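Structural overview
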Amino acid sequence: EAMGGSATEGGISNNPGISARPSLAIVPAAASSVGSAFADMPYVAWHDLSQGAGEIYVRRWNGASWESVGAGSATGGGISNNPGESYDASLAITPQGEPWVAWTNLPAPGSGSADSEIYVRRFDGVSWVEVGAGSATGGGISNNSGISEEPSIAIGSDGSVFVAWTDDSSGDAEIYAKRWNGSAWVTVGANSASGGGISNNTESSRSPSLAVVSANQAYVAWVDRSGGDTEIYAMLWNGVAWSPAGANAASGGGISNNAGDSLEVSLSIGRNMLPFAAWTDLSSGGGGEIYARRWNGTTWQQVGTSATWGGISANPEYSSEPTAAVAPDATPYVIWSNAVTGGSAVYARRYMTR
């Protein structure tokens, strides 16, 4: 059902500007710092052009309406509130119910800088504050001379915060990552935010999606061209180093491993604290379809017939931009954008074993 007009007319954003690229997160049921009224409630962050230059806006559902999260979070400069262009919002919520947002920030023309950086803020219950000095000004958490964009933020059940992004500081697009250690943004293993980063290969690596269990167990998947065509690759952080999440998961055909281009991956933690991945795939010979696999600790398995021919979407129109989520009972859900006559619509499916 629609939540306070969330799927009609002005929707959640409800302003005269262009509102796009939303990121959704749900307050954990056990969260305490935001009060029981917000447990299980959704927050949404998005890129908004109401002020001309793009800003990052945030609202949450309070059970009756979509409200601002602190003064001005969905008007004026929003939570980004700077003269540059802010876009690529990624939202996550701590076990205590505190929302964090990462985004790409491009300096304003004439600022003396032309490269984009990764910025982060969190809501402390009163206002949107930086997480460490300079996390949302200057060089942000990326703080390098390359183009840093497409961030993905994820938070583990122990409160561990990781951010991964696409970075071309080495001369080619690679996947970089940092985590918040409570006082500073630090690398996640050697060279995770320099040189070849986590991906460290010869072709373009882009569009990461993070999923975090704890400080010692995190996964990142991304779109990679190293295997000849575009495939989905995945790596595991074990608390000491990054390694492929399964044999050949970050080389050759990766976890998608098919003849068509595989794009737009979304990762979520599922059964037994292992990842579930959904992506757009062009292998069926027609338009895009939504494919998915989950890792059982050894191999990336189909979920039913989720990664052959029609995949999850299985329709003649173009399906793209999936978002994956796994419920506490281990049921995987996927939503996506599906072309329909005259435009597009949001579709959803879940996998049921009975």
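The preceding data block contains the structure.
Residues numbered from 1 in each chain as written. Predicted model: local features only at pLDDT ≥ 70, side-chain atom pairs only at ≥ 80, totals over all residues. Heavy atoms only, no water.

**Some points on the overall build of the protein**
Rule in force here: Numbered from the N terminus, helices here are DSSP runs of H or I no shorter than four residues, and strands are runs of E no shorter than two. In this description the radius of gyration comes from C-alpha coordinates, and the expected globular size is given by 2.2 Å times residues to the power 0.38. Buried, partly exposed and exposed residues are distinguished by accessible area as a fraction of the type maximum, computed with a 1.4 Å probe on protein chains only: under 20%, between the cut-offs, and over 50%, respectively. Here a residue-residue contact requires only that any non-hydrogen atoms of the pair lie within 4.5 Å. Here the Shrake-Rupley method, with its probe set to 1.4 Å, supplies the accessible areas, and only the displayed protein chains count as covering residues. Residues scored as charged are limited to Lys and Arg (positive) and Asp and Glu (negative), so that His and the chain ends carry no count. Working definition for charges: the position is that of NZ of Lys, CZ of Arg, CG of Asp or CD of Glu.
Scanning the protein from N- to C-terminus turns up zero helices and 23 strands. What you see for the protein is a C-alpha radius of gyration of 19 Å, in line with the 20 Å of a compact globule of 354 residues. Across its three principal axes, the protein shows a C-alpha extent of roughly 50 × 45 × 40 Å. Counting every position in the protein, which comprises 354 residues, the buried fraction comes to 53%. Summarising the internal contacts of the protein: among those between residues at least 6 apart in sequence, 42% fall at separations of at least 24. Approximately 15100 Å² of the protein is accessible, and the part contributed by carbon and sulfur atoms is 49%. Positive and negative side-chain charges in the protein, numbering 15 and 31 respectively, have mean positions lying 9 Å apart.

**Focus on the pattern of salt bridges**
Operational definition: When a carboxyl oxygen of Asp or Glu is within 4 Å of a side-chain nitrogen of Lys or Arg, the pair counts as a salt bridge.
Applying the stated criterion across every chain yields a total of four salt bridges. Between arginine 60 and glutamate 67 there is a salt bridge; the shortest N-O distance is 2.8 Å. Residue classification places glutamate 67 among the partly exposed positions, given a relative accessible area of 22%. In this structure, glutamate 149 and arginine 206 form a salt bridge, with 2.4 Å as the shortest nitrogen-oxygen distance. Placement of glutamate 149 in strand E9 (residues 148-155) and of arginine 206 in strand E13 (residues 205-214) is noted, with a sequence separation of 57 residues between them. A relative accessible area of 28% means that arginine 206 is categorised as partly exposed.

**So, the packing of aromatic side chains**
How we decide: Each Phe, Tyr or Trp ring, with Trp reduced to its six-membered ring, pairs with another whose centre is within 6.5 Å; inter-plane angles below 30 degrees give stacked pairs, above 60 give edge-to-face pairs, and intermediate values give tilted ones.
According to the stated counting rule, one finds twelve aromatic pairs in the structure shown. Relative to tyrosine 57, the ring of tryptophan 46 lies with its centre 6.0 Å away and its plane at 75°, an arrangement referred to as edge-to-face. Note that tryptophan 46 is positioned in strand E2 (residues 42-48) and tyrosine 57 in strand E3 (residues 55-61), a separation of eleven residues in sequence. Residue tyrosine 57 is classed as buried on the basis of its relative accessible area, which comes to 1%. Aromatic side chains tryptophan 222 and tyrosine 233 sit 6.1 Å apart centroid to centroid with 70° between the ring planes, which places their arrangement in the edge-to-face category. Of this pair, tryptophan 222 sits in strand E14 (residues 217-224) while tyrosine 233 sits in strand E15 (residues 231-237), and the two are eleven residues apart along the sequence. On the accessibility criterion, tryptophan 222 (0% relative accessible area) is buried. Residue class for tyrosine 233 comes out buried when judged on its relative accessible area of 0%. Each member of the aromatic cluster is reached from another via a ring pair, and the members are Tyr219, Trp295 and Trp300.

**Structural notes on the sheet that holds strand E12 (residues 185-187)**
Here is the rule: Here the rule is simple: two strands pair whenever DSSP picks up at least two bridges between them. Throughout, an axis means a line fitted to C-alpha atoms (over the contacting stretch in the case of helices), and angles, computed between N-to-C directions, take values from 0 to 180 degrees.
Here we have four strands laid out as an open sheet, ordered E9-E10-E11-E12, and antiparallel in their pairing. Each of the sheet's edge strands pairs with one partner strand only, and the pair in question is E9 and E12. Each strand axis lies, on average, 30° off the axis of its neighbour in the sheet, ignoring direction. Examined bridge by bridge, strand E11 (residues 174-180) and E12 share three bridges and lie antiparallel to one another. Bridged to arginine 179 within E12 is valine 186.

**Observations regarding the pairing of E14**
Buried residues dominate E14, accounting for seven of its eight residues. In terms of strand pairing, E13 meets E14 through seven bridges, oriented antiparallel. Along E14, the bridge assignment pairs arginine 206 with valine 223. Linking E13 to E14, which pair antiparallel, is a turn of two residues.

**Side note on the sheet that holds strand E22 (residues 332-340)**
For sheets, the rule is that strands pair by backbone hydrogen bonds, running either parallel or antiparallel. Taken together, three strands build an open sheet; the order of strands is E21-E22-E23 and the sheet is antiparallel. Each end of this open sheet is capped by a strand with a single partner; those strands are strand E21 (319-326) and strand E23 (343-350). Going from strand to strand, the sheet's axes swing by 20° on average, the running direction of each strand aside. The sheet contact formed by E22 and E23 spans eight bridges and is antiparallel. Within the sheet, the bridge partner assigned to alanine 339 lies in E23 and is serine 344.

**Looking at the pairing of strand E5 (residues 85-93)**
Counting buried positions over the nine residues of E5 gives eight, a clear majority of the element. Here E5 pairs with strand E6 (residues 99-106) via seven bridges, running antiparallel. The residue of E6 that forms the bridge with isoleucine 93 is proline 99. Between E5 and E6, which pair antiparallel in sequence order, lie five residues; one of them, glycine 97, sits at a positive phi of approximately 95°.

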